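Coordinate inspection notes
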Amino acid sequence: MNSTAETRSAIPMVDAQSVHKRFGRLEVLKGITMTVPAGAVVCLIGPSGSGKSTFLRCINHLEKIDAGRLYVDGELVGYREKNETLYELKDKEVCNKRAEIGMVFQQFNLFPHFTAMQNLIESPIRVKGETKAAATERARELLAQVGLEEKADSYPRQLSGGQQQRVAIARALAMDPKLMLFDEPTSALDPELVGDVLAVMKGLAEQGMTMVVVTHEMGFAREVADAVYFMDGGVIVESGRPVAVLNNPQHERTQLFLSKVL
Amino acid sequence: MTHAPSTAESELRTPGDSSPDAPHGASGEAIRAVPVRHYWRWVGAIAALLLAAAVIRLFVLSPNIDWDAVREFLTVHRILAGLRLTIIYTILSMALAIFLAVLMAVMRMSVNPVLSTISWLYIWLFRGTPALLQILFWFNIGLVIPKLWIGIPFTDFFLEADTNRVITTSVAAVLALGVCEGAYLAEIVRAGIQSVEFGQTEAALALGMKRSLAFRRIILPQAMRAIIPPTGNEFIGMLKTTSLVSVIAARELMTEAQNIAAQNFLTIELLIVAASWYLLVTTVMTVGQFYIERYYARGSSNRDLPPTPIQRMRTSFRRLLAPGGRPAGGLGATGPGGVDTIGGRPS
């Protein structure tokens, strides 16, 4: 299943074993098994409603899973296992683990009452206890990295969609995450703004960041991803190297989906 | 368009286009046209003015209103003391109401069913009964609970007092008004909190914030924008609602006005005195509300803030004085120029 070229002995960054999730009577995830090695970039593709976003949100425990096991960096998400009994983690422990995972949303979700700079330094100061000076310095570096150094004092509404999303990526990076989750980061953007955001993500991948990306950008998947997973109806239909899945899909459903989006 | 258009093209010209062969207004010249006259508007306005004048005349020239007495009692000591108490009651009961409202709004949204039910019951009870009734109830609470006591178990600390000595008229007034108002405000606060997108909570949690931190730093500040305007309204409403506590003789403005009237039978005159003070204070509060709302609108929109009345006046004044300026656009006109002077820039 895991076709990436990383060493298999190392602890994978994300290890999902038959993950199930239901909302009421609707089963959204019907047994997702997937391994993301440290440093790998994995793209989840598939039609809307296939469970991609839900799975992503399970990884940082924004959603609780109902069955299966989900590990991030070797540790169970949301629970502690002792003598074959699961204990729910306290809020504080859940928060500490979330702080190590960056997340970028389709709708950016920047804090509108804060400037770009304040958006970046809020969590490092109040969650990680960094000094304001250190956080500000790091934030300036990150804003420079996403090409928005001069927008530090702008409010989100004064920025374009693409700029907002890049600030949102910088905000997630400000927490020094070991894993980044992207939930359709370019779907809400005007076509001409998509490129800037993808460029930032590509740069991040080149730096060795482990990334799980839900996307409809097949070009990005082909160029950057180590593995592509095609999901439909809450299951993984097909997975493998981007060239294999995108150019030569084996499964009928994958073929149908790709014929529509490509 | 620089080239001469063909006939077919000129027929397709959109209104915004101009071309050399257009007969008039080709160079973007301002339109000068005779405006339509709205005669019926004038008729309506004159009729309304006459009616208003008649009503005012009826009061001003009425032989039954002693205007000298009104002027005299406007600043009499008892009235001013009553006004002072009215303002104190307003502020104290609103403070109590705001505290209760935030507490109840948070409890109402709690996942703990006991807390949310208690909050629901509070709002149900105090919003569902008349304020006047609640005032009388608090005033007479001593009939139900004759003694109040407070003690710490396993220590000697114990205090006891007659309810009627603790719940004085003033305390009853503030408690009744504050608790009643809190029920309304709780719903305003809850609506404000719920108006903040869920994505904000999610983003905060994803950054590792605890729920309490996310609420305090991310949700509440954004909710304020929705909470402030109706709260200002409630503040003004409260100033007038304090007049209800005259039923327990709380010595505020309304009580005093009625007490004086009971002695000298100048009923209408003292009602006019009280009305004047209520109007004056609500006017001041309305102005204050304008500035507070303007402050919280910052960052909520990338447009310029609306000019304050003072800025508007200054702009008009400057335009009148400006050499070569067109006074026609002067008084009352709030063109784009009105926004220019926000930063106090000399024009």
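This section reports on the structure supplied with the text. (Residues numbered from 1 in each chain as written. Chains lettered and ligands numbered in written order. Predicted model: local features only at pLDDT ≥ 70, side-chain atom pairs only at ≥ 80, totals over all residues. Heavy atoms only, no water.)

**Description of the interface of chain B and chain A**
To keep it simple, the criterion reads: Contacts are residue-level and defined by heavy atoms, with any inter-residue pair within 4.5 Å sufficient. By convention, the term buried area covers the 1.4 Å-probe accessible surface removed from two parts as they join, with the contributions of both added. The salt bridge criterion pairs a side-chain nitrogen of Lys or Arg with a carboxyl oxygen of Asp or Glu, the two atoms within 4 Å. Nitrogen and oxygen atoms within 3.5 Å of one another constitute a polar contact, given that in protein one can donate a hydrogen and the other can accept it, and given that sequence-neighbouring residues count only through two side-chain atoms. Secondary structure elements are taken from DSSP: a helix is a run of H or I of four residues or more, a strand is a run of E of two residues or more, and numbering for both begins at the N terminus.
At the interface, 22 residues of chain B touch 23 residues of chain A. Both sides together, the interface formed by chain B and chain A hides about 2,100 Å², and carbon and sulfur atoms give 60% of it. Counting the contacts that link chain B with chain A gives two salt bridges. In this structure, the connection of chain B to chain A is made through six residue pairs in polar contact (both at pLDDT 80 or more). For the side of chain B that touches chain A, the secondary structure elements donating two or more residues are helix 9 (198-206) and helix 10 (211-241) of chain B.

**Comments concerning the layout of surface pockets**
Residues and elements named next belong to chain B. Formally: For cavity detection a 1 Å grid was placed over the protein atoms alone, and a set of points counts as a cavity when a 1.4 Å probe fits there but cannot get out; an open set counts as a pocket when protein lies on both sides within 12 Å along at least five of seven lines, with lining residues being those that have an atom within 4 Å of a point. Grid points are joined across faces, edges and corners, and a volume is the space filled by probe spheres set on the points.
The volume enclosed by the largest pocket comes to roughly 600 Å³. In terms of lining residues, the largest pocket is bounded by 17 residues, among which Met109, Ile193, Thr201, Arg211 and Phe215 are the most central. Where the lining of the largest pocket is concerned, the elements lending two or more residues are helix 4 (77-108), helix 8 (169-194), helix 9 and helix 10. When residues of the lining of the largest pocket are assigned to their parent elements, the largest contribution, five residues, is made by helix 10.

**A closer look at the side chain of glutamate 202 of chain B**
Structurally, glutamate 202 of chain B can be placed in helix 9. Once residues lying within four places of it in the same chain are set aside, the contact partners of glutamate 202 of chain B are Arg57, Leu62 and Phe105 of chain A.

**Examining the pairing of strand 8 (residues 101-104) of chain A**
All names here are of chain A. This is how the line gets drawn: Burial classes: relative accessible area under 20% of the type maximum marks a residue as buried, over 50% as exposed, and values in between as partly exposed (1.4 Å probe, protein chains only). Two strands qualify as a pair provided DSSP detects at least 2 bridges between them.
Judged by which residues are buried, strand 8 turns out to be covered on both faces: Ile101 and Met103 on one side and Gly102 and Val104 on the other are all buried. Where strand 8 meets strand 9 (residues 179-183), four bridges bridge the pair, whose relative direction is parallel. Across the sheet, the residue bridging to glycine 102 is methionine 180, located in strand 9.

**Some details on the packing of helix 5 (residues 161-173) of chain A against helix 6 (residues 191-206) of chain A**
All names here are of chain A. Here is the rule we go by: With axes taken as lines fitted to C-alpha atoms, and helix axes fitted only over the stretch in contact, angles between N-to-C directions fall between 0 and 180 degrees. To sort the angles, those under 35 degrees are grouped as roughly parallel, those over 145 as roughly antiparallel, those from 65 to 115 as roughly perpendicular, and the leftovers as oblique. We call a crossing left-handed when the near helix sits turned anticlockwise from the far one by less than a right angle, and right-handed when that turn is clockwise. In this count, Pro and Cys sit with the nonpolar residues alongside Ala, Val, Leu, Ile, Met, Phe, Trp and Tyr, while Asp, Glu, Lys and Arg are called charged and the others, Gly among them, polar.
For the pair helix 5 and helix 6, the least separation of the axes is 8 Å and the interaxial angle reads 20°. Here helix 6 runs roughly parallel to helix 5, going by the angle between their axes. Of the two elements, helix 5 crosses helix 6, and the hand of that crossing is right-handed. Contacts between helix 5 and helix 6 involve Gly161, Gly162, Gln165, Arg166, Ile169 and Leu173 from the former and Leu193, Asp196, Val197, Val200, Met201 and Leu204 from the latter. Its residues assigned to classes, the contact of helix 5 with helix 6 comprises seven nonpolar, three polar and two charged.

**Examining the nonpolar core**
The test is simple: Working definition of a nonpolar core: buried Ala, Val, Leu, Ile, Met, Phe, Trp, Tyr and Cys residues. They are joined through side-chain atoms within 4.5 Å.
If you look at the biggest cluster of nonpolar residues, it comprises 79 residues, and the most contacted ones within it are Phe55, Ile59, Leu70 and Leu179 of chain A. Take this core: its biggest share by element is twelve residues, from helix 8 of chain B. Not counting residues within four places of it along the chain, the set of residues in contact with phenylalanine 55 of chain A comprises Ala16, Leu29, Ile32, Met34, Leu44 and Leu70 of chain A. Among the nonpolar cores identified, the runner-up in size contains 50 residues, and Phe108, Ala139, Val200 and Leu204 of chain A belong to it.

**A word on empty space enclosed by the protein**
Unoccupied space between atoms shows up once a probe the size of one water molecule is rolled over them. Residues and elements named next belong to chain A. The tally for this structure, following the rule as stated, stands at three cavities of 30 Å³ or more. Each pocket or cavity is described by its volume, and for the largest cavity that value is around 140 Å³. Elements with a contribution of two residues or more to the lining of the largest cavity: strand 5 (75-76) and helix 2 (91-98). A per-element tally of the lining of the largest cavity places helix 2 first, with three residues.

**Notes on the sheet that holds strand 11 (residues 227-232) of chain A**
All names here are of chain A. Within the open sheet, the six strands sit side by side as 8-9-10-3-11-12. Their pairing is mixed. Two strands close off the open sheet at either side, each with one partner strand: strand 8 and strand 12 (235-240). Adjacent strand axes in the sheet meet at a mean angle of 15° when their direction is disregarded. One ladder, built from four bridges, connects strand 3 (residues 41-45) with strand 10 (residues 210-214); its direction is parallel.

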